[in-house]
Amino acid sequence: MTEKPLALGILGHPIGHTLSPSMHNVAANIHKISISYSAYDVKPENLKDAIDGIRALSIDGVNVTVPHKTAVIPYLDEISPEARQIGAVNTITRNGEKLVGSNTDMYGFITAIKENGGVDPGGKRIFVYGAGGAARAVVYGLAMEKAMEITIANRTESKAVSLAVEVIQSEPETNLKAIGFGSNKLFDSLSMADIIVNATSLGMGGADEFPPGAIKFNKNQLVVDIVYRPLITPLLARAREDGAKTLDGLWMLIHQGASSFRLWTGKSFPVDKAREVLLTKL
Ligand code: ATR
């Protein structure tokens, strides 16, 4: 009898162009383990039924993506401390009869910055654009790495303020600031930053260009985009022109997937091989 493949997948809406199945299949092939990783398009009103389906069908693990990362929390049996703090689950693992929610986005982002961006965020000044779900993982991760200062800028300033106030409670050693996107402090915060992160899902073309055209980057800065389609976003292209170092969003995606894969299988993840394959699929 052949061994039952590990049943894995991803829940999101829409789910059309996900790279996750390719990435996990690369890893499974290298380890010669049998997996079946499916993409499930789950409408928000069907999320509870989808989680019940995972229980009923004994699915071994799933990734959770936009827009379900927060909404899924009440349907799970256990939530890891990190996921609880960030308020978002991107990985569900079966532990016997229990479904456990974790967050590997924070690990993915921090690992990408350190290993692929070549910068340790500890002691650094950082500018984060965005205060939504993705930005929460980014800001908590940077604060836990003991960044010296994090300025959060957001179109809706009140969301930047609440995130900053919340993070200060658990990470008091980092100096948290919040500004609106139109603030006159924007220029100074950006030019003083060692690391600049776009943590919004904006493709950044169009009307809400980030940052405004008058601002220049410099060669001591690392500019990071969590967007990976296109791989070189307009922000990264501009940063390169100005001589700054850049880090694309594909690295974060791969490292969060690597951490999910390890949770499900206990095995290592071929990060470079996964990137090689995903670059052909963008
Ligand atoms: P995600 O999980 O991808 O972070 P989200 O929680 O909905 O999604 O957050 C989206 C982020 O992108 C927010 O910071 C949002 O700004 P607001 O809080 O002001 O909504 C930002 N964002 C989305 N569209 C934007 C736009 N057109 N201009 C500026 N910021 C935008």
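It should be noted that the structure appears before, not after, this text.
Per chain, residues are indexed from 1 in the order of the written sequence. With the structure being a predicted model, the display of local features is reserved for residues of pLDDT at least 70 and the display and counting of side-chain atom pairs for 80 or more, all residues being used for whole-chain, interface and lining totals. The side-chain numbers reported here are obtained from all heavy atoms of the structure, hydrogens and water having been left aside.

*Asks:* Looking at this model, I keep getting lost on the nonpolar core. Mind explaining?
*Replies:* Taken as a class, soluble globular proteins show a tendency for nonpolar side chains to be buried jointly. Each nonpolar core is a collection of buried residues, namely Ala, Val, Leu, Ile, Met, Phe, Trp, Tyr and Cys, held together in the definition by side-chain atoms within 4.5 Å. Each residue gets one of three labels from its accessible area relative to the maximum for its type: buried under 20%, exposed over 50%, partly exposed in between, using a 1.4 Å probe on protein chains only. Counting 47 residues, the largest nonpolar core has F109, V128, L142, I150, I152, V197 and F269 as the members making the most contacts within it. Throughout, a residue-residue contact means that at least one pair of heavy atoms, one from each residue, lies within 4.5 Å. Non-local contacts of F109, meaning those with residues more than four positions away in its chain, are made with V138, L142, V197, V224 and M252. A7, I54, V64 and I92 belong to the second largest nonpolar core, which has 18 residues in total.

*Asks:* Is there a simple way to explain the side chain of R275 in this structure?
*Replies:* Looking at the element boundaries, R275 is found in helix α10 (residues 271-279). For this analysis, a polar contact is any N or O atom pair within 3.5 Å, provided that within protein one partner can donate a hydrogen and the other can accept it, and provided that sequence-adjacent residues contribute only side-chain to side-chain pairs. At a separation of 2.7 Å, a polar atom in the side chain of R275 contacts the side chain of D248. Secondary structure elements are taken from DSSP: a helix is a run of H or I of four residues or more, a strand is a run of E of two residues or more, and numbering for both begins at the N terminus.

*Asks:* I'm lost on helix α1 (residues 20-31) in this one. Help?
*Replies:* Since the α-helix turns once every 3.6 residues, residues separated by three or four places project in the same direction. The first and last C-alpha atoms of α1 sit 17 Å apart over 12 residues, in line with the 16 Å expected at 1.5 Å per residue. Among the residues of α1, S20, P21, S22, M23, H24, V26, A27 and A28 are the ones counted as buried. Tucked into the core, α1 has its buried residues touching β1 (6-12), β2 (35-41), β3 (61-64), α9 (249-265) and α10. K32 sits one or two positions beyond α1 and adopts a positive phi of about 55°. For a helix, the expected span equals 1.5 Å multiplied by the number of residues minus one.

*Asks:* Just to check I follow, could you spell out empty space enclosed by the protein for this structure?
*Replies:* Over the atoms rolls a probe the size of a water molecule, and its path tells where empty space is left. Cavities and pockets are defined on a 1 Å grid built over the protein atoms alone: a cavity is a set of grid points where a 1.4 Å probe fits but cannot escape, while a pocket is an open set with protein on both sides within 12 Å along at least five of seven lines, and lining residues are those with an atom within 4 Å of any such point. Grid points are joined across faces, edges and corners, and a volume is the space filled by probe spheres set on the points. Using the criterion set out here, one finds 1 cavity of 30 Å³ or more in the structure. Of the pockets and cavities examined, the largest cavity occupies roughly 40 Å³. Residue lining of the largest cavity: R125, I126, F127, E149, T151, S189, M192 and A193, and that is the complete set. Mapped onto the lining of the largest cavity, the elements with two or more residues apiece are β7 (125-129), β8 (149-154) and α7 (186-192). For the lining of the largest cavity, the element with the most residues is β7, which contributes 3 residues. Considered class by class, the residues forming the lining of the largest cavity number 4 nonpolar, 2 polar and 2 charged. As a working rule, the residues Ala, Val, Leu, Ile, Met, Phe, Trp, Tyr, Cys and Pro are called nonpolar, Asp, Glu, Lys and Arg charged, and the rest polar, with Gly in that last group.

*Asks:* Mind showing me how you'd approach the site of the ligand here?
*Replies:* For this purpose, a residue is taken to be near a molecule or strand whenever a single non-hydrogen atom of the residue falls within 4 Å of it. Lining the immediate environment of the ligand, one finds 14 residues, of which G133, N154, R155, T156 and K159 sit closest. Between an oxygen atom of the ligand and a main-chain N or O atom of G133, the distance comes to 2.8 Å. Between the ligand and the protein, one listed contact pairs an oxygen atom with a backbone N or O atom of A134 at 2.9 Å. Each accessible area is a Shrake-Rupley result for a 1.4 Å probe, and residues are judged covered by the shown protein chains and nothing else. Considering the ligand on its own, with 640 Å² of exposed area, one finds that the protein chains cover 73% of that surface. Should more than half of a molecule's atoms lie within 2 Å of a pocket's or cavity's grid points, that molecule is taken to sit in it. Counting atoms within 2 Å of the grid points, the majority share of the ligand lands in the largest pocket. Its residues assigned to classes, the shell around the ligand comprises 4 nonpolar, 7 polar and 3 charged.

*Asks:* Can you walk me through the layout of surface pockets in this structure?
*Replies:* What the largest pocket holds in volume is close to 1,400 Å³. As for the largest pocket, its lining consists of 43 residues, of which T65, V66, K69, S201 and I226 are closest to the centre. Of all elements in the fold, only β3, α5 (133-144) and α9 reach the threshold of two or more residues within the lining of the largest pocket. Element by element, the count of residues in the lining of the largest pocket is highest for α9, at 4 residues. The class makeup of the residues in the lining of the largest pocket is 18 nonpolar, 19 polar and 6 charged.

*Asks:* Before we go on, may I ask you to explain the pattern of salt bridges in this structure?
*Replies:* Side-chain pairs of opposite charge can arise where the charged atoms are in close proximity. Each salt bridge in this description consists of a side-chain nitrogen of Lys or Arg and a carboxyl oxygen of Asp or Glu lying within 4 Å of one another. All told, the structure shown has 13 salt bridges when counted by the stated rule. Its salt-bridge partner being E171, residue K146 comes within 3.7 Å of it at the nearest N-O pair. Here E171 lies in the loop between α6 (157-170) and β9 (175-180) and K146 lies in the loop between α5 and β8, a separation of 25 residues in the sequence. Its salt-bridge partner being K273, residue E276 comes within 3.2 Å of it at the nearest N-O pair. Note that E276 and K273 are positioned in helix α10 at a spacing of 3 residues, about one turn of the helix. Overall, K273 belongs to the partly exposed group, its relative accessible area being 36%. Salt bridges linked by common partners bring R125, E149 and K177 together as one network.

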